[in-house]
Amino acid sequence: MATLLYRLGRASFRRRRAVVALWLVLLAALGGAAVAFMGPTSSDFTMPGTESQRAIDALKTEFPEASGATGTIVVRAPEARTLSDEPLKSAVLGLVQEANQLPGVVGALDPFTTKALSQDNRYALIQVQFTGAADDITEEQRSAYEKSGAAAEQAGLTVAHGGEVLNAPPEVGGTEGIGVVIALVVLVVTFGSLVAAGMTMLNALIGVGAGMAGLYALSSVFHLTSVTPVLALMLGLAVGIDYSLFITSRYRQHLLEGLEPEAAAARAVGTAGSAVLFAGLTVVIALAGLSVVGIPFLSVMGLAAAGTVAVAVLVALTLLPALLGFAGDKVLPRKLRTERVVPAEGFGFRWARIVTRFRVPVIVVGILGLGALALPAADMRLALPGASAGPEGTPAREAADLVSAGFGPGFNGRLALVVSGDTPELTAAASQQAIQVLQGTENLLAVTPPNFSQDKKTALLAIIPKDGPTTASTEALVHDVRDKTHGLGGADVSVTGQTAVGIDVSEKLSDAMPIYLLLVVGLSVLLLMLVFRSILVPLKAALGFLLTVGATFGVTVLIFQEGHLAGLVGLDTPGPLVSFLPILLIGILFGLAMDYEVFLVSRMREDFVHGAGVQESTISGTGHGARVVTAAALIMISVFAGFALIEDPIIKSMGFALALGIAIDAFIVRMTIVPAVVSLLGRASWWLPRWLDKALPNVDIEGEKLREELDERPAEVPVGA
């Protein structure tokens, strides 16, 4: 593999103009395809096979007038007045008429007729039914809906618009650009050269541009959730910069050793490029492995992110050596261009000596500290956040707050009970039975009378919980209602609605998470056993990964769920973690953790194989890799933290958890606990039974054989010449 990559790097360096031109043409073609074929993203996290999703699918055919998107206009009268007072009542009725005339609306219901009034008669809910689903609502229809109610406001009413019709993709603006700027600063400090920093960033941006353009070009074919492109952008940008950093750093090292630029670029791609390829494949496998969970939207998210990572690897292995061909030795600071002096030992060596000297206390404190941080994860709850958890000041959040104030939090988590029978009589009887059976159910506030379809064979009943949509009590209510109404009166009875869908999705993901975690940990042990030809090193890496995941979950729960220090991350409303965050976090952190493990430990193994003692090789591996790993981790942390500044709670929690996970894994686990454990285990770290050594294929990640072959020659002779 290393020899193949050596040839690839050399060819890209020699034919740099053609390679750059090819990538620019490909980028333009993908950009054109994205503009021509870009499809809409979805804000719905559907789960085929669940009761809630089956009910939604059935409503589309049996009760089409109730299957479209819904909006809720919340109206509030001023203090000391009621909506029955004139001219407030007339203003409410005028708003109902206005809503009925909005584009895409089937009808708006008069709250005085439907009795959708609060007990103090100050609040009213105007239900607005649209023809199309939430994803089919156009921007024109959404905008017209949000602008309605101006006359009612002039009459003295407070008007807020909510409902699923307002679901829109999260806005990715300038905040994540802060992370990119910080990453660029880290590159400049690391390299001491604007040329090297700018070239590395340019390479990463071209890669993420090509990956995102390809993703959008396929968005009309695949059903993308609104979070998918943001996740792909976040991950593609972070790994793109890191992979380019690794190869550029090795190229600079070879220049300082006296190699010519072409030979340095070829060797850098053959050695560091092998580690990049392995790390990239690991991330791709982990993300693509999300497909085994059997959840369509999660599979698409994983495959989309895996695609951008794969493009980042391809760009690093082909475009980067071509750019290095144009840069030559300008990637070095001016002082080092004339005096090719290898820099003296830096802080990494001093840190490694401290860690190995006090290895037992370091291991104990590290494990106990991360274990303590992981404790809150035991109380982790998962949900799909609704409007009540959205950023303050948004229309949907204002409407949700008004609903809670006037009617109670349960009205934001309304459930739908769908009753279907073979005859109208059977449906009517089963609906009445359902109302009677549910009386007195714990956590239930009310059940509305049935609303029948045109053929009277399907009925829709609204169930109002006492508490909000993401509370444990509402989750318990969903299960209680299903238990009490299943097969009632010979009819098909099911519970659905956004709240029920969220609960079903969260439960399915919770059940899948342990299986996926076991798969990922098992994969890490197998892959690292191939790379390091050791048993204890892979086991140590897997246990370190579990410490990283546990501590990351614990701190994220502490802040985002329990609300401690929530103000520091700009979180308005704490609540359960978004249901797909833990499983995504496991997949992404696994790949990135293995990246740092390979980069650090491969140098330890290389020095040990060449005769260095355990302590010497551990210090050397950590010392040589510390600067690059520190820079790579700071870059990833910066990029992910930039996304944590976005107001959308889903993106915010993802950005924060990934930034925190990288910080814990790189600085505490890989650069502190790992060298301490390797030092403590001594020669046993590299022990492998002979029979297993013969059975395992030799994966030469660091290009050991390539270096031996090249070092035997008096000059750098092309491989295969």
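Conventions used here
- Residues numbered from 1 in each chain as written.
- Predicted model: local features only at pLDDT ≥ 70, side-chain atom pairs only at ≥ 80, totals over all residues.
- Heavy atoms only, no water.
- Helix = DSSP H or I, 4+ residues; strand = E, 2+ residues; numbered from the N terminus.
- Rg over C-alpha atoms; globule rule 2.2 N^0.38 Å.
- Buried < 20%, exposed > 50% of the residue type's maximum accessible area, 1.4 Å probe, protein only.
- Contact = heavy atoms within 4.5 Å.
- Areas by Shrake-Rupley, 256 points an atom, 1.4 Å probe, with all protein chains shown as cover.
- Axes fitted to C-alpha atoms, helices over the stretch in contact; angles between N-to-C directions.
- Parallel < 35°, antiparallel > 145°, perpendicular 65-115°, else oblique.
- Nonpolar A, V, L, I, M, F, W, Y, C, P; charged D, E, K, R; others polar.
- Pairing = 2+ DSSP bridges.
- Salt bridge = Lys/Arg side-chain N within 4 Å of Asp/Glu carboxyl O.
- Polar contact = N/O pair within 3.5 Å; in protein donor to acceptor, adjacent residues only side chain to side chain.
- Left-handed = near helix turned anticlockwise from the far one by under 90°.
- Expected span 1.5 Å × (residues − 1).
- Bend = angle between axes of the 7 residues up to and from the residue.
- Phe/Tyr/Trp six-rings, centres within 6.5 Å; stacked < 30°, edge-to-face > 60°.
- Lys NZ or Arg CZ within 6 Å of the ring centre and 35° of its normal.

Draft legend 1. Highlighting the overall build of the chain. When its secondary structure is counted, the chain shows 25 helices and eleven strands. Computed over its C-alpha atoms, the radius of gyration of the chain comes to 30 Å, within 12% of the 27 Å expected for a compact globule of 721 residues. When its C-alpha atoms are laid out on the principal axes, the chain stretches across 95 × 50 × 50 Å. Split into buried and exposed, the 721 residues of the chain put 56% on the buried side. Look at the contacts in the chain between residues 6 or more apart in sequence, and 79% of them connect residues 24 or more apart. Counting only carbon and sulfur atoms, one obtains 62% of the accessible surface of the chain, whose full area is about 29100 Å².

Draft legend 2. Focus on the packing of helix H11 (residues 261–288) against helix H12 (residues 296–327). Their axes nearest at 8 Å, the elements H11 and H12 cross at an angle of 175 degrees. On the basis of the axis angle, H11 is roughly antiparallel to H12. Seen from H11, the contacting residues are Ala 265, Val 269, Gly 273, Val 276, Leu 277, Gly 280, Val 283, Val 284, Leu 287 and Ala 288; seen from H12, they are Gly 302, Leu 303, Ala 305, Ala 306, Val 309, Ala 310, Val 313, Leu 317, Pro 321 and Leu 324. Counted by class, the contact of H11 with H12 contains 17 nonpolar, three polar and no charged residues.

Draft legend 3. Quick peek at the sheet that holds strand E1 (residues 70–76). The strand order E2-E3-E1-E4 describes an open sheet built from four strands, whose pairing is antiparallel. Two strands bound the open sheet, and with one partner strand each, they are strand E2 (105–108) and strand E4 (158–162). On average, each strand axis in the sheet is inclined to that of its neighbour by 20 degrees, with strand direction left out of account. Relative to E4, E1 is paired through five bridges, and the arrangement is antiparallel. Each residue of the ladder has a partner; that of Val 74, found in E4, is Ala 160. Of the strands in this sheet, E1, E2, strand E3 (123–130) and E4 are in contact with helix H4 (residues 88–100), which crosses E2 at around 165 degrees.

Draft legend 4. Representation of the pattern of salt bridges within the structure. Tallying each qualifying case throughout the model produces eleven salt bridges. Across the pair Arg 142 and Glu 139 runs a salt bridge, and its minimum N-O distance is 3.1 Å. One end of the pair, Arg 142, and the other, Glu 139, are both in helix H6 (residues 139–147), three residues apart, so they sit about a helical turn from each other. Here Arg 670 makes a salt bridge to Glu 597, at a shortest N to O gap of 2.6 Å. Pair noted here: Arg 670 is in helix H23 (residues 649–681) and Glu 597 is in helix H21 (residues 581–609), with a separation of 73 residues, a long-range link.

Draft legend 5. Quick look at the side chain of Ser 653. By the secondary structure assignment, Ser 653 is in helix H23. Judged by its relative accessible area of 4%, Ser 653 is buried. Reaching out from Ser 653, the side chain makes a polar contact with the backbone oxygen of Ile 650 at a distance of 2.9 Å. Once residues lying within four places of it in the same chain are set aside, the contact partners of Ser 653 are Phe 560, Val 578 and Leu 581.

Draft legend 6. Fine view of the side chain of Ser 12. If you trace the backbone, Ser 12 turns up in helix H1 (residues 2–14). In this structure Ser 12 comes out as buried when scored by relative accessible area, which is 4%. In this structure Ser 12 touches Val 19, Leu 317, Thr 318, Pro 321 and Ala 322, once residues within four positions along its chain are discounted.

Draft legend 7. Seen up close, the packing of helix H19 (residues 498–532) against helix H20 (residues 536–561). In the contact formed by H19 and H20, the axes pass within 8 Å of each other and the chain directions differ by 145 degrees. As for how H19 packs across H20, the hand of that crossing is right-handed. Contact with H19, carried on its side by Leu 517, Val 520, Val 521, Ser 524, Val 525, Leu 528, Met 529 and Phe 532, involves Val 537, Pro 538, Leu 539, Ala 541, Ala 542, Phe 545 and Leu 546 of H20 and no other residues of that element. Split by residue class, the contact of H19 with H20 holds 14 nonpolar, one polar and no charged.

Draft legend 8. Representation of unusual backbone geometry within the structure. Following Glu 86, the chain continues to Pro 87 via a peptide bond in cis, the omega torsion being 5 degrees. In this structure, Arg 533 takes a positive phi of about 50 degrees despite not being glycine. Tracing the backbone through its elements, the reader meets Arg 533 in the loop between H19 and H20. One non-glycine residue, Leu 565, lies in the positive phi region at around 60 degrees. Relative to the helices and strands, Leu 565 is located in the loop between H20 and strand E11 (577–578).

Draft legend 9. Main features of H12. In a regular helix each residue adds 1.5 Å, so 32 residues correspond to 46 Å; H12 covers 44 Å between its end C-alpha atoms and thus fits that length. Along H12, the helix axis deviates most sharply at Ala 316, where the bend reaches about 35 degrees. With 25 of 32 residues buried, H12 lies mostly within the body of the structure. Within two residues after H12, Gly 328 carries a phi angle of roughly 60 degrees, on the positive side.

Draft legend 10. The arrangement of the packing of aromatic side chains in detail. Counted by the stated rule, this structure contains seven aromatic pairs. Ring geometry for Phe 407 against Phe 411: centres 5.1 Å apart, planes inclined by 40 degrees, an arrangement best described as tilted. Phe 411 carries the same exposure label as Phe 407, and that label is buried. Ring centres 5.3 Å apart and planes at 50 degrees place the aromatic pair Phe 560 and Phe 656 in the tilted group. On the criterion of sequence distance, the pair formed by Phe 560 in helix H20 and Phe 656 in helix H23 is long-range, its members being 96 residues apart. Each member of the pair, Phe 560 together with Phe 656, is buried. Above the ring of Phe 13, the side-chain terminus of Arg 16 is found at 5.2 Å from the ring centroid. Sitting over the face of the ring of Phe 326, Arg 16 holds its NZ or CZ atom 5.8 Å from the ring centroid.

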